[in-house]
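Overview (structure and organization)
The residues making up each chain are set out below.
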Amino acid sequence: MNTTSNKYSKASIEIPTVTVPAHPQWPVLSPEEEHDLKEKIKTLLKRENGVLVAHYYTQGVLQDLAEESGGCVADSLEMARFGKEHSAKTLVVAGVRFMGETSKILSIDKRVLMPDLKATCSLDEGCPYDAFNDFCNNHPDHTVVVYANTSAAVKARADWVVTSGIALPIIKHLAEKGEKVLWAPDKHLGRYVQNQTGVEMLFWPGSCVVHEEFRSVALQRLQKLHPGAAVLVHPESTESVVAQADVVGSTTALIEAVATMPNKEFIIATDASIFNKMRQVAPDKILMEAPTVGEGATCQSCANCPWMGMNSLHNLAEILEQGTNEIHISKELAEKAKIPIIRMLDFAKNMKK
Ligand code: SF4
């Protein structure tokens, strides 16, 4: 365990060391082989009464397949909402474990399968239930708000679940009610939300191994070379990188920015697999990865989440064929975890109205 002193909290918090896996290497397929495998998966989806939902950070070929086969590619919130509303009896979730769990929580009677159950997330792994529960118990006067990138058990301990797309309005809403917030697990997103709202917050010291790797000095150099480029940053990035952004937002917001901003060039600080969707919505724009090199660089991910990379056509076909890798959550836990998720979904619905 790492002991991290959280300057925003009165106590130090113990978080586990997260081992980041190597990027999986998948066999390279010829166009014909890829086509055949995709057709096989489409047939299996029909056989299993299934629908494929994929995250923007998975391989482009999976994102395309999800859309071609009547599923969707989206952010984690939309993935779960889509799965809940779809009539399919089997949801096949190409993403990371908490996404499969959220889908199961919202659709407890459906079968949820994932290509690889070991595909987790540094935020989820860095926030184990017992330690988090202690943290909450030590601060009973705080409203507990957790990011979607958490286990079902951590969600069940929370008052609210939020995604990066809706964190700001929900925290503003809590501030208006005079509430103090205990935030977990992403310290960078938490700090961004606090800077924007001025709310009194305690932070769990977790971070995303992808977004934490973007380097501000190298980004400044790239900006000098491309003065007309808009810088788009996901708020899980460090404060110095966020400070250089023209747009800070969720995956959906960044895709929208590429489609609607007049700039020809974009420097993007989020997982590079999102370029697949960005190229679809803005084929004439030039997209550049924000740099992950420079002082203190580790390049454990190099702008590609290794856990998201565990999803491929190969293991997707395999689990559909064999009906393996099912997500199981007890009804009791799902009921508890559903409450703060539904609170967020209702809040989002009211905002739209
Ligand atoms: S990109 Fe970061 S937040 Fe998303 S799944 Fe990977 S480690 Fe988790």
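Residues numbered from 1 in each chain as written. Predicted model: local features only at pLDDT ≥ 70, side-chain atom pairs only at ≥ 80, totals over all residues.

Turning our eyes to something else, we now look at unusual backbone geometry. Residue P185 follows A184 across a cis peptide bond; omega there is -10°. You can see P185 is positioned in the loop between β9 (180–184) and α9 (187–197). Positive phi, normally seen in glycine, also occurs at N49, with a value near 50°. Of note, N49 is situated in the loop between α1 (31–47) and β3 (50–55). Not every positive phi belongs to a glycine, and A303 is a case in point at roughly 65°. Looking at the secondary structure, you find A303 in the loop between β14 (286–289) and α14 (313–322). For A303, a count of 21 C-beta atoms within 10 Å gives the class buried. (Helix = DSSP H or I, 4+ residues; strand = E, 2+ residues; numbered from the N terminus. Buried ≥ 20, exposed ≤ 12 C-beta atoms within 10 Å, placed from the backbone.)

Mean pLDDT over the protein chain: 94, with 97% of residues reaching 70 or higher. Here residues 1–11 is a poorly scored stretch, pLDDT under 50, and it has 22 contacts once near neighbours within four places are set aside; other chains count. (pLDDT = per-residue confidence, 0-100. Contact = placed C-beta atoms within 7 Å.)

Moving on, we come to the nonpolar core. Judged by nonpolar contacts, the single largest core of 103 residues is most densely connected at L52, V53, V92, V93, V145, W183 and L232. If we ignore the near neighbours within four places in the chain, the residues touching V145 are A158, D159, W160, V162, I171, V181 and W183. (Core = buried A, V, L, I, M, F, W, Y, C linked by C-beta atoms within 7 Å.)

Moving on: the pairing of strand β13 (residues 265–269). Among the 5 residues of β13, 4 are classified as buried, and the element is accordingly described as predominantly covered. Strand direction decides the pairing type here: β13 and β14, joined by 4 bridges, are parallel. Paired with I268 across the two strands is E289, which belongs to β14. (Pairing = 2+ DSSP bridges.)

A few words now on the sheet that holds strand β4 (residues 72–74). Spatial ordering of the open sheet is given by β4-β3-β5-β6, a layout of 4 strands whose pairing is parallel. Here the strands that pair on one side only, and so sit at the sheet edges, are β4 and β6 (111–113). Strand after strand, the sheet turns through a mean of 25° between neighbouring axes, direction not considered. Relative to strand β5 (residues 90–94), β3 runs parallel, the two sharing 5 bridges. (Axes fitted to C-alpha atoms, helices over the stretch in contact; angles between N-to-C directions.)

Let's shift gears to the domain arrangement of the protein chain. How large an interface is tends to be reported as the accessible area lost when its parts come together. Each domain of the protein chain was delimited in the assignment, giving domain 1 (31–119 + 308–329), domain 2 (123–207) and domain 3 (211–289). Computed from C-alpha coordinates alone, the two centres of domain 2 and domain 3 are separated by 26 Å. At the junction of the two partners, domain 2 supplies 9 residues and domain 3 supplies 13 residues. Here the side of domain 2 that touches domain 3 is built from residues that sort into 2 nonpolar, 5 polar and 2 charged. (Domains from an automatic or database assignment. Nonpolar A, V, L, I, M, F, W, Y, C, P; charged D, E, K, R; others polar.)

What follows is about the packing of α1 against α14. At a minimum axis distance of 10 Å, the contact between α1 and α14 shows a crossing angle of 30°. In terms of orientation, α1 and α14 fall into the roughly parallel class. Seen along the crossing, α1 lies across α14 with a hand that is left-handed. Residue-level contacts link E34, L37, K38, K40, I41, L44 and L45 of α1 to L313, L316, A317, L320 and E321 of α14. Here the contact of α1 with α14 is built from residues that sort into 8 nonpolar, no polar and 4 charged. (Parallel < 35°, antiparallel > 145°, perpendicular 65-115°, else oblique. Left-handed = near helix turned anticlockwise from the far one by under 90°.)

Let us now look at the environment of G100. Residue placement: G100 occurs in helix α4 (residues 97–106). Assessed through the 28 C-beta atoms surrounding it within 10 Å, G100 is described here as buried. Each C-alpha atom, one on G100 and one on C136, is 25 Å from the other, the two residues being 36 residues apart in sequence.

Over its 17 residues, α1 runs 24 Å from end to end, which matches the ideal 24 Å to within 8%, given 1.5 Å per residue. For α1, every residue scored as buried is listed here: K38, I41 and L45. One face of α1 carries all of its buried residues, which in axial projection span an arc of 60°. Seen from the open side of α1, the exposed residues pointing more than 90 degrees away from its buried face are E32, E33, H35, E39, K46 and R47. If you follow the buried residues of α1, they end up packed against β3, α2 (60–68), β5 and α14. One or two residues past the end of α1 sits N49, with phi positive at roughly 50°. (Expected span 1.5 Å × (residues − 1). Arc of directions from axis to C-beta.)

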